[in-house]
Amino acid sequence: MIIDRNEAILVTNELKPTLYVMPGQLDSPDALIEELQKLSGLPDSVIRKEVTRKSFLNELRKTAAALTQEQLVDLQTKGYEGLYVTIDFKRAYPYSKMLAPVVGFVGADGQGLAGLEYMYDSVLTGEDGSLEMYTDAKGNRMNHFYDQWNSGQRGYHLQLTIDRTIQQLLEGKLQQAMETYDAKQAVGIVMQPQTGELLALASLPTFDPGNFHKESADVIYKNLPVTMTFEPGSTFKIITLSAALEEGLVDLHDHHFHDPGYRMVAGHRLRCWKREGHGSQTFMEVVENSCNPGFMELGERLGPDKLHDYIVDFGFGSSTQSGLAGEQNGILFSKNSWGPLEQATTAFGQGIAVTPIQQVTAIAAAINGGYLVKPYLVSKTVDPSTRETVAENFPTILRRVISEGTSEQVRLALGEVVAHGSGNKAYRSYTSIGGKTGTAQKVENGKYIDGEYIVSFIGFAPVDEPEYLIYIAIDAPQGPSQFGGTIAAPIVGELFEAIAEDSPRIHEKELAWDDMPEKKVPLLVGQTKQDITQQLHEFKLIWHGDGTKIIDQLPKDGELAKPPYLIHLYTD
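Criteria and cut-off values
Residues numbered from 1 in each chain as written. Predicted model: local features only at pLDDT ≥ 70, side-chain atom pairs only at ≥ 80, totals over all residues. Heavy atoms only, no water. Helix = DSSP H or I, 4+ residues; strand = E, 2+ residues; numbered from the N terminus. Buried < 20%, exposed > 50% of the residue type's maximum accessible area, 1.4 Å probe, protein only. Contact = heavy atoms within 4.5 Å. Salt bridge = Lys/Arg side-chain N within 4 Å of Asp/Glu carboxyl O. Expected span 1.5 Å × (residues − 1). Axes fitted to C-alpha atoms, helices over the stretch in contact; angles between N-to-C directions. Parallel < 35°, antiparallel > 145°, perpendicular 65-115°, else oblique. Core = buried A, V, L, I, M, F, W, Y, C linked by side-chain atoms within 4.5 Å. Patch = residues over 30% accessible without salt bridge, like charges linked within 9 Å, V, L, I, M, F, W, Y side chains within 5 Å. Areas by Shrake-Rupley, 256 points an atom, 1.4 Å probe, with all protein chains shown as cover. Lys, Arg positive; Asp, Glu negative; His and termini not counted. Charge placed at Lys NZ, Arg CZ, Asp CG, Glu CD. Pairing = 2+ DSSP bridges. Left-handed = near helix turned anticlockwise from the far one by under 90°. Nonpolar A, V, L, I, M, F, W, Y, C, P; charged D, E, K, R; others polar. Phe/Tyr/Trp six-rings, centres within 6.5 Å; stacked < 30°, edge-to-face > 60°.

Visitor: Provide a residue-level description of the environment of Arg275, including the pertinent values.
Guide: Tracing the chain through its elements places Arg275 in the loop between β14 (268-271) and β15 (279-282). The class of Arg275 is exposed, set by a relative accessible area of 55%. The sequence separation of Arg275 and Ser337 amounts to 62 residues, and the corresponding C-alpha distance is 29 Å. In this view, Arg275 contacts Pro260 and Gly261; residues no more than four positions away in its chain are not counted.

Right, dumping it as structure tokens:
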């Protein structure tokens, strides 16, 4: 089986009764064919072809599929010589499409054809059992010899780092976004940034691995977190920021930068997303505002060699060694073709191509104390009989790229982005979140496509000691507001709301009129109307019933209420 980190079953096996015939042993093929046709309703020609095929042993695959288990068992009692009813297994996917691009699928013979099913086929499959049967040259059984059954070897369970609950939440949010914005594709990754464990990995559109033949190859063989390459946009600015801080080239609070809305580089006018510019800012405000010219300035301070070296050191341009099939390396400018224009655009995430898994791995290094860790999905293989671990993967540090002090500055700066800057839609009242938005125009055949963007957000929580890192990218959303801050950031905030523990707020957010915080609902069941009427002035209470004691409430205690903070109370 394939199981998650908590031993929830993701992929298992179901019993599948099957039929075999030995043509050489059949006394009356026509009688058997007539019986099978009557039971299955299949055309005589289909059954006859399977039964009379010139082979020592024929599997009646189509015929068996048309019969119930009861019919098969009944057939066995009718004494047709040369007919054998056996029990086989077929692969079963209890959660249907969930995690399908990662798990993959098997063929009719049970052999893995894609994903983990393919990569770990020999581990999962084990060895077949066999029946030794003695016959003469015509296939007639020699009854004075004993048949012999040779037991097989069960395959090993594959335990993943995936958390089924988080995976379900992630895929649900992405599916909702796909439908809301009529998007082409969506990608999501949840990682433990200290260890590299992948807690969820989503690629939409997805498919049912039990019926993979109904989908196109573009869907069933595409695991977007490792195969999709695209310009990252502003999420890449975290790398430029980390490098400049590590080299001591910027003080976020004391150094200032004036943004007129553009920067001239090698005769080209490179604009900020805010056409009129941000004016005079500290570099902390440059980060909060995701100001392109400000990051071009940081790129210039680093110089071409240092910026390029940091990008490579953070893992871009090469595989993350995740072990997932089809992982791409991405595309970087070579040092030979690295001019002022390439340096400027790379500093704010344009002109290069990365994969989602590279993005997540690099940002994990920026916030976890500076360590580039290898992402991994397979936790261990387990003997199903003894429950002993046969092989196990552990967190692997590849190298250190920045210091703990720099990493702390990056975390605090990205916390400001969520509290006061472009990532404010990810802000939540009870969990401290840091992160960065990204909005990148799509490229096709070397040209930018008008009106098509990949919008993204990468966030982590809590800010002081990150336990979760979440990356969301939505491909070509439709609508007037195609920005990572308005589409992807709220999804990340909602996911943190569901999976992250409450943590002290490091950054207080100045709330706009339409951006009021959610409030946690207290436990009111068991109290009386008189007890609470004067305590909950911040909530609007709606009473149901004319009793005095509260027996139920909506929302439930511990849930979050949105403005206008309604609580429905039901009395006895």
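So much for the structure itself; the text now carries on.
Visitor: So what's going on with the pattern of salt bridges? Which residues, and what values?
Guide: As enumerated under the stated definition, the model contains 20 salt bridges in all. Here Arg399 and Asp313 are joined by a salt bridge, their closest N and O atoms 3.0 Å apart. With Arg399 in strand β19 (residues 397-400) and Asp313 in helix α13 (residues 292-313), the pair connects residues that are 86 residues apart, well separated along the chain. Given the relative accessible area of 31%, Arg399 is considered partly exposed.

Visitor: With reference to specific residues and values, describe helix α17 (residues 484-499).
Guide: Across its 16 residues, α17 extends 21 Å between first and last C-alpha, which sits within 8% of the 22 Å expected from 1.5 Å per residue. Extensive coverage of α17 is indicated by the burial of 12 of its 16 residues. Inspection of α17 places Gly484, Gly485, Ile487, Ala488, Ala489, Pro490, Ile491, Val492, Gly493, Leu495, Phe496 and Ile499 among the buried residues, and these make up the whole buried set. Taken together, the buried residues of α17 touch α8 (164-181), β10 (185-191), β20 (434-444), β21 (447-461) and β22 (468-475).

Visitor: How would you explain the packing of helix α15 (residues 356-367) against helix α16 (residues 404-420) if you had to name every residue and give the values?
Guide: Between α15 and α16, whose axes approach to 7 Å, the crossing angle comes to 110°. Compared by their axis directions, α15 and α16 come out roughly perpendicular. When α15 is examined against α16, the residues Ala365, Ala366 and Ile367 are found in contact with a partner set consisting of Ser407, Val410, Arg411 and Leu414.

Visitor: If you had to explain the nonpolar core to someone new, which residues and values would you point to?
Guide: Ranked by size, the top nonpolar core spans 88 residues in total, and within it Leu160 and Phe314 carry the most contacts. Take this core: its biggest share by element is 8 residues, from α15. Those residues in contact with Phe314 that sit more than four places away from it in its chain are Ile239, Ser242, Ala362, Ala365, Ala366, Leu372, Val401 and Ile402. Ranked by size, the runner-up nonpolar core spans 33 residues in total, among them Ile472, Ile487, Ala488 and Leu495.

Visitor: How would you sum up a negative patch on the surface? Please name residues and give values.
Guide: A surface patch of like charges, here negative, comprises Asp464, Glu465, Glu467 and Glu501. Looking at the secondary structure, you find Glu501 in the loop between α17 and β23 (519-520). You can call Glu501 exposed: its relative accessible area is 61%.

Visitor: Provide a residue-level description of the sheet that holds β22, including the pertinent values.
Guide: Overall, antiparallel pairing links the 5 strands, which are arranged β11-β10-β22-β21-β20 in an open sheet. Each end of this open sheet is capped by a strand with a single partner; those strands are β11 (198-204) and β20. For this sheet, the mean inter-axis angle between neighbouring strands, taken without regard to orientation, is 10°. With 7 bridges connecting them, β10 and β22 associate as antiparallel partners. Pairing of Met191 across the sheet is with Leu469, part of β22. Helix-sheet contacts for α8 involve β10, β11 and β22, and the interaxial angle to β11 is about 25°. With respect to the sheet, α17 is in contact with β10, β20, β21 and β22, its orientation differing from that of β21 by roughly 25°.

Visitor: Which residues make up helix α11 (residues 237-246), and what values go with them?
Guide: For α11, the tally of buried residues reaches 9 of 10 residues, placing the bulk of the element in the interior. Within α11, burial applies to Lys237, Ile238, Ile239, Thr240, Leu241, Ser242, Ala243, Ala244 and Leu245. Positive backbone phi, at 70°, marks Gly248, one or two positions downstream of α11.

Visitor: Give a detailed account of the packing of α11 against α15, specifying residues and quantitative values.
Guide: It is the contact of α11 with α15, at a shortest axis distance of 10 Å, that shows an interaxial angle of 35°. For the crossing formed where α11 meets α15, the hand is left-handed. Residue-level contacts link Ile238, Ile239 and Ser242 of α11 to Ala362, Ile363 and Ala366 of α15. Of the residues belonging to the contact of α11 with α15, the class tally is 5 nonpolar, 1 polar and no charged.

Visitor: Kindly report on the pairing of β10, identifying the contributing residues and their values.
Guide: Among the 7 residues that make up β10, 7 are buried, leaving the element largely enclosed by the rest of the structure. Burial of the side chains of β10 extends over both faces: Gln185, Val187, Ile189 and Met191 are buried on one face and Ala186, Gly188 and Val190 on the other. Strand direction decides the pairing type here: β10 and β11, joined by 6 bridges, are antiparallel. When the sheet's bridge partners are listed, Ile189 is paired in β11 with Leu201.

Visitor: Provide a residue-level description of the packing of aromatic side chains, including the pertinent values.
Guide: What the rule picks out here adds up to 7 aromatic pairs. Aromatic side chains Phe105 and Phe212 sit 4.0 Å apart centroid to centroid with 15° between the ring planes, which places their arrangement in the stacked category. With Phe105 in strand β5 (residues 105-106) and Phe212 in the loop between β11 and α9 (217-220), this residue pair connects regions lying 107 residues apart in the sequence. For the pair formed by Phe105 and Phe212, the shared burial category is buried.

Visitor: Outline the sheet that holds strand β25 (residues 550-554), listing residues and values.
Guide: With mixed pairing, the 3 strands of this open sheet are ordered in space as β24-β27-β25. Among the strands making up the open sheet, the edge pair consists of β24 (540-544) and β25. Across the sheet, the mean angle from the axis of one strand to that of its neighbour is 25°, orientation sign disregarded. Two strands pair when backbone bridges link them, and β25 and strand β27 (residues 566-571) are joined in this way by 4 bridges, in the antiparallel orientation. In the strand pairing of β27, Gln553 is matched with Leu569.

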